[in-house]
Structures are given as C-alpha cells and as structure tokens.
Amino acid sequence: MPATKLSKAAASDHASRVFDLDVSSLRELNQALHNLTPGSNETAWEVLHPKGSHSVAVGVDQPVSIDVRGSVGYYCGGMNSGSTIIVHGSAGPGVGENMMSGSITIKGDASQYAGATGKGGLLVIEGNASSRCGISMKGIDIVVHGNIGHMSAFMAQSGNLVVLGDAGDALGDSIYEARLFVRGKVDSLGADCIAKEMRPEHLELLQGLLDRAGVTGVKPSEFKRYGSARTLYNFNIDNADAY
Amino acid sequence: MTYRNPPTTPRKSATFDDYTLSEIRRAAATGIYDIRGAGAKRKLPHFDDLLFLGASISRYPLEGYRERCDTSVVLGSRHAKKPIELKIPITIAGMSFGSLSGPAKEALGRGATLAGTSTTTGDGGMTEEERGHSKQLVYQYLPSRYGMNLRDLRRADAIEVVVGQGAKPGGGGMLLGQKISDRVAEMRTLPKGIDQRSASRHPDWTGPDDLEIKILELREITDWEKPIYVKVGGARPYYDTALAVKAGADVVVVDGMQGGTAATQEVFIENVGQPTLACIRPAVQALQDLGMHRKVQLIISGGIRNGADVAKALALGVDAVSIGTAALVALGDNDPRWEAEYNELGTTAGAYDDWHEGRDPAGITTQDPELMKRVDPVAAGRRLANYLKVMTLEAQTIARACGKNSLHNLEPEDLVALTIEAAAMAGVPLAGTNWIPGKNGF
C-alpha cells in the first residue's frame, strides 16, 4: 500500500497509528489491520473522519486498540476477534455483528441489530440501542446504558444482555438460553420469555458485567432478570397459539 | 328371479387419493404437519420435457472421444482476487453438518476434489472433515450463523450468502431435538435435545440495499479475495437475480423447487416456489438485461440428475449447476441394500425422506455413531467422483453432437420442447414448430 497515503502521528508522545479516512480508503485501513501479526507493536490505532463509513475495522483478529473519532455506518467491528474498539460517536446497524471476542464501546447511540449473532466479547453502548439489539446472540455480552428497541434478543441463544434503561415490545421473543437484565420497564415480553428470579449468582454475574462496562452507581438489585420459559423448546400442537 | 343392478367398481377420489387420506389421518393423530427432506416429489415440468437437436447438415458435429469439448468454468471473476476455477460445471450444493454425518461430509469433499469441483458447507458451520478433504470449499453465510467465525470465513474459497432455498423459499429450518448430538449442539451454541429453529431471514439486514452493504463487509473481512455468491430460492428469479447483481454478487445461485432440503414441512416443499426449469430463463434474462450475462455467473440447482440435465441447463444460459440429493444417492443414500431396514421404518429404498429423524440406515443423514460407520468416506467419495465424471461425459457427448467444443457454447437454439408448458418455461420452440409460447405476445 502506498506509504504516502498513511499518516503516522508526528508527535513523539502519541504512539497511535492514525488513519484519516479523508485521506486513506476504507480498504487500506482494513487491510492494514488484517496485516497485523501476533506480537506486533502497532497496538494503538486511531481512525479519523469515519463520516458514517460502513465496515470500519471489520474482521480484526489481533489484540489492538482502535479509537474511531466520529460516527460509523453499518457493521463497525464486524466479527471482531480480540481487539478493543471505541467509537467516539454513534454506530449504524449491525455494530459488532458476530463478534468473537474483545470489546466494542459506542460512546453514542447504536442503530438496529447491535451485536447480532455475537459469539463472545463485550459490546457496550453508552447511549440507546434501536430494535433487535442482541438478536440471535450466541455468547456475546451486551451492556446498554440507555434504552433498547422492540424485538431485542429475538431468538437469543446464549450470553447476557444488560439494559440500564427501558426495553421495547416483544423482548426476548423465542429466546433460548441467553440471560436478559433490564433495570427499567419492559413494554412487553415476547413468546416464551418470562421474568425470572434474581438469585445470588445472577447478582454476582451482573455486577461483573456492570464493572466491565464501566457502569458505576448502579446496583444489580435494581434489575429484573428475564429468560426462557422453555415451553417452546420442543414442538407441541397444544402450543400452536404461541406461533 | 329378482333383478339386481350390477355392482359398480369402487372408485377412489382423485382429489382424496390414498396418500392424501393417509396425510389427513396422520395429521389428526399427531397434531403436527409432516416434516421431511428430499425436496418436491410431485411431477413438475422438468428437463425431461426438452430435447436436443443434434447436428446433421445445418450444423456440424464434433467427433465423440476425439475432439475436445471443454468443461471448465471460472466462478467469481467479477470482483474477487481469487475466483473459483473448476474442471467441471457441476458443484456440490450446501448440505449441513448436523443434517449429514461427518463421514458423509468427508465423502462429499473427497468425491468433489477427485472430480475437480467444489463442495459447500451448510447450516451447521464448517467441519474439519469437509475443509480437510475439499480442495475448494464454499462457506455458506446463513441466517442462523451457526458456527460462523472469522477463521472459517478466511479458510473458505468462496462465500455463499444464502437468502433462500428452492425447497422452501422464505422458510427457515427445523432440526428436531432427537438429532442433536453433543457435537452438533456445541457447533450451534444450543442445548442438546431441543428443536433447533433456523431463522428464515438474516438477523442483521433486511432489503437489497442492506445486502449490498453486507456483501461489502464480507469482502472487507476477506480482503476482496473470495467470490461472493448469493443464493435464492426459485420464486421470483428475474427480480432476485437482478437485485443480487445490483448488490454486488459475483455469482448468483438460483435453486428451483425440486431442490432438496433436510427437514421442512411437506406442504411447503410441494407448494412454494417454481420448478427449476421455469427459473432459468428469467434469471438469464435478468443478467442479459443488465449486461452481466457471463460476467456474473449463474448456478442453477434443483433436481439435476444426469448429463442431459446439465447440458440443457447450460444451453439455457447457466454457467454451472449444483447437485444435492443426487450426490447423496451417489454416496449410497436410499440404497436397496438397506431395504429391510427401510421397511422397518415404514418406507422403502428410494422413498426414504425422514432425514430429520436421524435413523438413516445408509448412515448419511444421521448423527448416530453406529449408523455413521456404514459410510466409508473413501469408497463413497469414489462413487461420487465416478458419478460426477459420468455426468460430465454425458453432457460432453451431447454438446459434441450439437457441434460445440465447449459445454458453455450450448445455446437455446439447440433445444426444442415436448410440451407447451416446457416450451413456455424454457423459451424454446415446441418440437416440430417454430412456436415459443409467450413470445411476441402469443
């Protein structure tokens, strides 16, 4: 890739490798991230002027930190494996989709499908998330400081969704084994999703999640837990009204 | 002597035939619709309704067994740095681990590699059996995203975004709990023993504009190296093909309603979608209208059985075909050698379709460790390779007779139809006439 298109931080006290998307292309950014090898000392990255670009920092598989200075479009951090991404702005649909490990923090709001099908890692949304947050989640942990929209955690298989605000309609519809913790009100629960007892192990788990997400001044006891009633796990014609 | 009217012969209803009556009784007794695999079984207009016009005076044939007839095809040359290069235009369609046993997946990989073609993963993720034994492996990107991970995405040779399937356009899947082994449960991140519902739509995008962005993401993740296929069920082939091209697909896969499936409602399999034959010309027309025919490759699947089917599909404008059910038969599924066991299951060899129950005597559509041992991956792979090569030879034989030195030089002009229906669907003349129903408005 042409070196002239890359801009390294000039100041010696700033070790980040800086990509300005006004100057470099998305392809160059992602290729440079994919070219990283284990043990690379290029561990701090900064992305300037994303201006809603799609697919920023997708498929990163090294433990580097990436600060994105602005808002991003679709699929930021998609399939992330081990990197720490902070978006200093808002995120479009599908942020952190199918994340494997590492973490993504959105300082603003997130659009639809945040953390969809995520297998692992931590997704923190400091603002609100839209509909279908955590849809089909498969092991990811998601912490939303604000509210989430309707159909969140639809067909969620495993992992934890923590919401400090309110949840929209049909929360946890057709949920499998994921755990949902909501501090505010829930407009309605989806099929086979029920409120569950908050036992000591859940309080402990939730405290750990809040700590990892940098949430302070909030007690786990303020949340309600929701999960699967497991009545739809095997088909039965007598449950036909639920379909 | 009293006169008695002669008795009439009992007559069963054509509408309420024996099968229909049995289905009504079964539904009433069980409270669930019939779930099965194996694709549509009803008779549909198909490739059998077309005939080739071999060369005489107006066309000049090539010598069989002497003059070369090229069979190779390149898939994904539109954007990908590393297109798929196949020796034959017949690929193995996606079939999931979980639905199929590990040895069966290995056999598919071995057979396809021997024949110079690709295999495809399925809803259950990528297994070492198929990656290790498939020289070229297409990794399906499915709504369920079971087992989807970065490593496997990058180990694939191509990525197939599955939007629909011929046996069930618009439908999801259901793998019943009894078939969920520890390994299948782990790959799918779900508890053992529960019914596993595969989603009917992708969780993180909706319309065609989103698909374009999703494809961009997949290209970025894989550094623009791998071809991106988009697979649709054969329902609205013109518009779905056009939108897939617009979204950036390198290859469009159209799966007609004779396409197989592992476990779907019988009523869905038999009543949703269009016959494979009816899907080809609209899909080709879409590519031609966009100026992308042969630039974006078209794969058709659903009921391909022999070299004549292959040749006819290619003549109608596709670049390659895919086989699923036929490949399983080549491996040994529904083989009469297991007839006694098929009988115990209440069926017969050739009709066994309860693949979701996991009791396949042939050891192919099962996770039962004892039954799986019946599949020798080396021998079954050899049978599949033989079958693929025979299909290719058959197609070449026909193509040479039509004067073509490449299978891809076959054209609609080489075909006529036996029925008005097939003539209309394929857009070729009814045999003995120059009439193409629907052309020029009549």
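Residues numbered from 1 in each chain as written. Chains lettered and ligands numbered in written order. Predicted model: local features only at pLDDT ≥ 70, side-chain atom pairs only at ≥ 80, totals over all residues. Heavy atoms only, no water.

Caption draft 1: Broad picture of the pairing of strand β4 (residues 65-69) of chain A. All names here are of chain A. As paired strands, strand β3 (residues 44-48) and β4 are joined by 5 bridges and run parallel to one another. Bridging across to β4, Val 47 finds its partner in Val 68. The pairing of β4 with strand β5 (residues 81-87) spans 4 bridges and is parallel. Looking at the pairing, Val 68 lines up with Val 87 of β5. (Pairing = 2+ DSSP bridges. Helix = DSSP H or I, 4+ residues; strand = E, 2+ residues; numbered from the N terminus.)

Caption draft 2: Focus on the packing of aromatic side chains. Enumeration according to the criterion identifies 5 aromatic pairs over all chains in this entry. When the ring of Tyr 238 of chain B is compared with that of Tyr 239 of chain B, the centres are 5.2 Å apart and the planes differ by 80°; the resulting orientation is edge-to-face. Among the residues examined, Tyr 238 of chain B registers a relative accessible area of 27% and is labelled partly exposed. Here Lys 214 of chain B stacks its cationic end above the ring of Tyr 75 of chain A, 3.9 Å away from the centre of that ring. (Phe/Tyr/Trp six-rings, centres within 6.5 Å; stacked < 30°, edge-to-face > 60°. Buried < 20%, exposed > 50% of the residue type's maximum accessible area, 1.4 Å probe, protein only. Lys NZ or Arg CZ within 6 Å of the ring centre and 35° of its normal.)

Caption draft 3: Highlighting the interface of chain A and chain B. Contacts between the two partners involve 39 residues from chain A, matched on the other side by 38 residues from chain B. Carbon and sulfur atoms make up 55% of the surface buried where chain A meets chain B, a total of about 3300 Å² over both sides. Remark: the boundary between chain A and chain B carries 15 residue pairs in polar contact (both at pLDDT 80 or more). With 5 residues, the single largest contributor to the side of chain A that touches chain B is helix α1 (residues 26-34) of chain A. (Contact = heavy atoms within 4.5 Å. Buried area = accessible area lost by both parts, 1.4 Å probe. Polar contact = N/O pair within 3.5 Å; in protein donor to acceptor, adjacent residues only side chain to side chain.)

Caption draft 4: Fine view of the nonpolar core. Counting residues in each nonpolar core, the largest one holds 93 residues, and the members touching the most others are Leu 50, Ile 92, Val 321, Ile 323, Leu 331 and Leu 384 of chain B. Counting residues per element, this core draws most heavily on helix α14 (residues 377-401) of chain B, which supplies 7 residues. Of all hydrophobic cores here, the second largest spans 48 residues; its members include Val 68, Val 72, Ile 106 and Ile 125 of chain A. (Core = buried A, V, L, I, M, F, W, Y, C linked by side-chain atoms within 4.5 Å.)

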